[in-house]
Every structure is written in structure tokens, then in C-alpha cells.
Amino acid sequence: MPSITLQARAKINWTLDVLCRRQDGYHEVDMLMQSIDLFDTLTITLSGKKVDVICEYPFAPNGDANIACKSAELFLDKISSKDGVHVHIKKRIPVAAGLAGGSTDAAGVLVGLNNLYGNPLSVDQLKKLAVLIGADVPFCIEGGLQRAKGIGEKLEKLELKKPLHIVLVKPEGQVLTGNIYNSLDLDNLEFRPNNDRAQKALVEGDLPSLAMSMGNVLRGATRKSCKEVDALCDMMLHKGAWGANMTGSGPTVYGLFENFEDSLSAMRALRHNGVEWCCALSTANECTTII
């Protein structure tokens, strides 16, 4: 049976600004997103007569409840195929953590199926399917460093001057993205990130400027249900991070470090502070890698 295995990487937000709420309920955003070297492993097999998804992770949904199922069904409908598909996900990316774990799996299914069928769809066609699944899914088709506008579907691909090193820390608990956006008070934001300056800093490899420019307007809403967010960002700075930020709707936070050795040292210190999960890793130039 035809099969493919690939790695689907998580993302962080260097910046996340929300401009307005649209009449359709979605929010207009302006953000800089970055793939990181934390990934789920997907094995996709053409098999049977239906779409089936098995996810190896506590409390992660299987079958129709998994976003990867919708992704496969949309792709098969697009190419008018009646084949069945089995998707097995070995999950490493924490769920409901602001890291696009579900979105990257959905994008991985689109990319993997497209490869299995001989690439009948272009990258742009895959992205058009992706936006029907979720706002972060179009980014995850290619990943790397991109600036995203609209609801996340208007993408500008950028190039990092050099790999950057981060520490990820997830406190206990989960955050639902919809709840955070719905509680956001756009008329009383604490701050807005400087996307233009952050973009320039990323392209030029200017860590001090990046640290001063990055930010996330959702942080104020998330801290109401997860007070550890601010404390963990402060700990990152105390351990030598150039800057610290929350990714997505949280509650995961990250610190930006000068080199990998510094990030490892910070990770070893932070993992003893009662956090649920902690790791040190680097940025990645792509989201999906076929192995």
C-alpha cells in the first residue's frame, strides 16, 4: 500500500498583532511566524475506503475529531478520489499550547497526500485548501519565516540570516484559542508589537532589535487564565534571554538566546520550576520534511 512518512513542525510567533474583528467572526492579524525544530511524525497510507486518524498522545482526538481527518477529506474531494486514507500521528508537540500542533498535522496531511498522488496540486492550491481548515494551516504548508496578514492566509516568505536558538516552556493547563480571541478587548490593548522593525531585525540577524520589537497582544487575555505566563517570561530574561514572548494564544512561552549552549543552560534551570514541559531547540527553514 502506498505510504509516506514526514515530520510536521511546530511554530512560534515572533509577533502577533490583532487589527480588528471581521463581520464573519474572524480577526484580521499581522504577525511574524517561524517554524521550529519540534515536530510530530506522520505516516500516511492509502488504505481502505474511509479516512481514519490515530494520534499517539494523551487526550488528543482520533478519527473525525482530529483536524487531520478534515484535511485528508478535503484533499481527496479536491482531486475526486474515493480512496481511503490511514493517518498515524506520533505526537511530540503539546496540544492547545499556541504551537500550531493541530495545524501543522493538517498541513502535513495535505503535503503528504499531494506527494503520494504525484503532486497534482500546486503549493498555492494547497494553501487555498489549507485556509478552509484553519488560520495557521496555510503557513504550515511551507513554514520557515513568514509574515502573515488577513486571517493568516496572506503570506510573505522571508529569509533568516542565521538559525536562532530558543527555549520553550509550557506551564500546566491548556488554553482554547477561540476563548482567548473572544475575550480580547481591542480598544484597551496594553501594547502592539512593531512588526516592521521585528521583520527587519530577523532578516538582518539583529537580536537586540528583535527582542525590543517582538510581542503578542493576546498575552494580556491569556494571563487572566494562566498567570504563569508573565512569570515564565521574566524567568527567561533572568536566565539570559535577549527577549521573551508568548506564542499564539499560549500558554507556551519562549526565550530567545545568543547561542545553543546558553539555551541549554536556561532550559536546565527552568525545568525545575514546576512547568509541564520544557525544551531547547533552534529555528527551522521549513515546516514539513519527508523522511
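The coordinates are above.
Here goes a summary of the coordinates provided.

Next up on the list: the overall build of the protein chain. The helix and strand inventory of the protein chain stands at 10 helices and 12 strands. In terms of overall dimensions, the protein chain is globule-like: its C-alpha atoms have a radius of gyration of 18 Å, near the 19 Å expected for 291 residues. The dimensions of the protein chain, computed from C-alpha atoms along their principal axes, are 55 × 40 × 35 Å. Looking at the protein chain as a whole, 56% of its 291 residues qualify as buried.

Cis geometry marks the peptide bond from Gly 250 to Pro 251; its omega dihedral reads 5°. Looking at the element boundaries, Pro 251 is found in the loop between β9 (243–246) and β10 (253–257). Positive phi is not limited to glycine here, since Ala 96 has a value of about 50°. Secondary-structure assignment places Ala 96 in the loop between β4 (85–90) and α2 (101–116). The exposure class of Ala 96 is partly exposed, given its relative accessible area of 28%. Within the chain, Ala 100 stands out as a residue other than glycine whose phi angle is a positive 60°. For Ala 100, the position within the fold is in the loop between β4 and α2. Of the residues examined, Ala 100 reaches a relative accessible area of 11% and is grouped as buried.

Attention shifts here to the layout of surface pockets. Any empty space left between atoms is shown by rolling a water-sized probe over those atoms. Approximately 1,100 Å³ is the volume attributed to the largest pocket. Taken together, 44 residues line the largest pocket, and the ones lying closest to its centre are Ala 100, Ser 103, Ala 135, Asp 136 and Thr 177. Those elements giving two or more residues to the lining of the largest pocket turn out to be β1 (3–21), β2 (27–46), α2 and α5 (177–182). For the lining of the largest pocket, the class distribution of residues is 24 nonpolar, 15 polar and five charged. Surrounding the second largest pocket, 13 residues form its lining, Asn 188, Leu 189, Glu 190, Gly 220 and Ala 221 being those nearest its centre. The dominant element in the lining of the second largest pocket, judged by the number of residues it contributes, is helix α8 (residues 219–222), at three residues. Broken down by class, the residue content of the lining of the second largest pocket amounts to five nonpolar, four polar and four charged.

We now examine the packing of helix α1 (residues 67–78) against α2. Helix packing geometry: the angle between the two helix axes and the distance between the axes. One way to put it is that α1 packs onto α2 with a least axis distance of 8 Å and a crossing angle of 30°. In terms of axis orientation, α1 runs roughly parallel to α2. Between α1 and α2 lies a crossing whose hand is right-handed. Taking contact as the criterion, the partners of Ile 67, Ala 68, Ser 71, Ala 72 and Phe 75 in α1 are, on α2, Gly 102, Ala 106, Val 109, Leu 110, Leu 113 and Asn 114.

Moving on: the packing of aromatic side chains. Counting across every chain of the model gives two aromatic pairs. With a centroid separation of 5.7 Å and an interplanar angle of 85°, the aromatic rings of Trp 14 and Tyr 254 are classed as edge-to-face. With Trp 14 in strand β1 and Tyr 254 in strand β10, the pair connects residues that are 240 residues apart, well separated along the chain. Under the relative-accessibility criterion, Tyr 254 is labelled buried at 0%. Centre to centre, the rings of Phe 75 and Tyr 117 are 5.9 Å apart; their planes meet at 40°, and the pair counts as tilted. Of this pair, Phe 75 sits in helix α1 while Tyr 117 sits in the loop between α2 and α3 (123–130), and the two are 42 residues apart along the sequence.

Moving on, we get to the sheet that holds β10. Across the sheet, four strands lie side by side as β9-β10-β7-β11; this open sheet has antiparallel pairing. The outermost strands of the open sheet, each flanked by one partner alone, are β9 and β11 (277–282). Each strand axis lies, on average, 20° off the axis of its neighbour in the sheet, ignoring direction. Relative to β10, strand β7 (residues 165–170) runs antiparallel, the two being bridged by five bridges. Each residue of the ladder has a partner; that of Ile 166, found in β10, is Leu 256. Its contacts with the sheet put helix α9 (residues 228–238) on β7, β9 and β10, and the angle it makes with β10 is roughly 15°. Here helix α10 (residues 260–270) sits on the sheet and contacts β7, β10 and β11; the angle it forms with β11, its principal contact strand, is near 180°.

Cut-offs and rules
The residue numbers shown here count from 1 along each chain, following its written sequence. Per-residue local features are limited, in this predicted model, to residues with pLDDT of at least 70; the limit for side-chain atom pairs, both in listing and counting, is 80 or more; totals at the level of whole chains, interfaces and linings are taken over all residues. Derived side-chain values reflect all non-hydrogen atoms in the structure, with water molecules and hydrogen atoms excluded from consideration. Secondary structure elements are defined from DSSP: runs of H or I of at least 4 residues count as helices, runs of E of at least 2 residues count as strands, and each element is numbered from the N terminus. The globule rule used for comparison is 2.2 Å times the number of residues to the exponent 0.38, while the radius of gyration itself is calculated over C-alpha atoms. Note on classification: 1.4 Å probe, protein chains only; a residue is buried when its accessible area is under 20% of the maximum for its type, exposed when over 50%, partly exposed between these limits. Only protein atoms enter the 1 Å grid used here. Points where a 1.4 Å probe fits but cannot escape make up a cavity, open sets with protein on both sides within 12 Å along at least five of seven lines make up a pocket, and a residue lines them when an atom lies within 4 Å of a point. Grid points are joined across faces, edges and corners, and a volume is the space filled by probe spheres set on the points. Note that Gly is not counted as nonpolar here; it falls among the polar residues with everything else outside the nonpolar set of Ala, Val, Leu, Ile, Met, Phe, Trp, Tyr, Cys and Pro and the charged set of Asp, Glu, Lys and Arg. The angle between two axes is taken between their N-to-C directions and runs from 0 to 180 degrees, where each axis is a line fitted to C-alpha atoms and a helix contributes only its stretch in contact. Angles below 35 degrees are treated as roughly parallel, those above 145 as roughly antiparallel, those between 65 and 115 as roughly perpendicular, and all remaining angles as oblique. Working rule for handedness: look at the near helix, and if it is turned counterclockwise from the far one by less than a right angle, call the crossing left-handed; if clockwise, right-handed. Residue contacts follow a heavy-atom distance rule, with two residues in contact if any of their heavy atoms lie within 4.5 Å. Aromatic rings from Phe, Tyr and Trp, taking only the six-membered ring of Trp, are treated as a pair when their centres fall within 6.5 Å; an angle between ring planes under 30 degrees marks them as stacked, one over 60 as edge-to-face, and anything in between as tilted. Here, a strand pair is defined by DSSP locating no fewer than two bridges between the strands.

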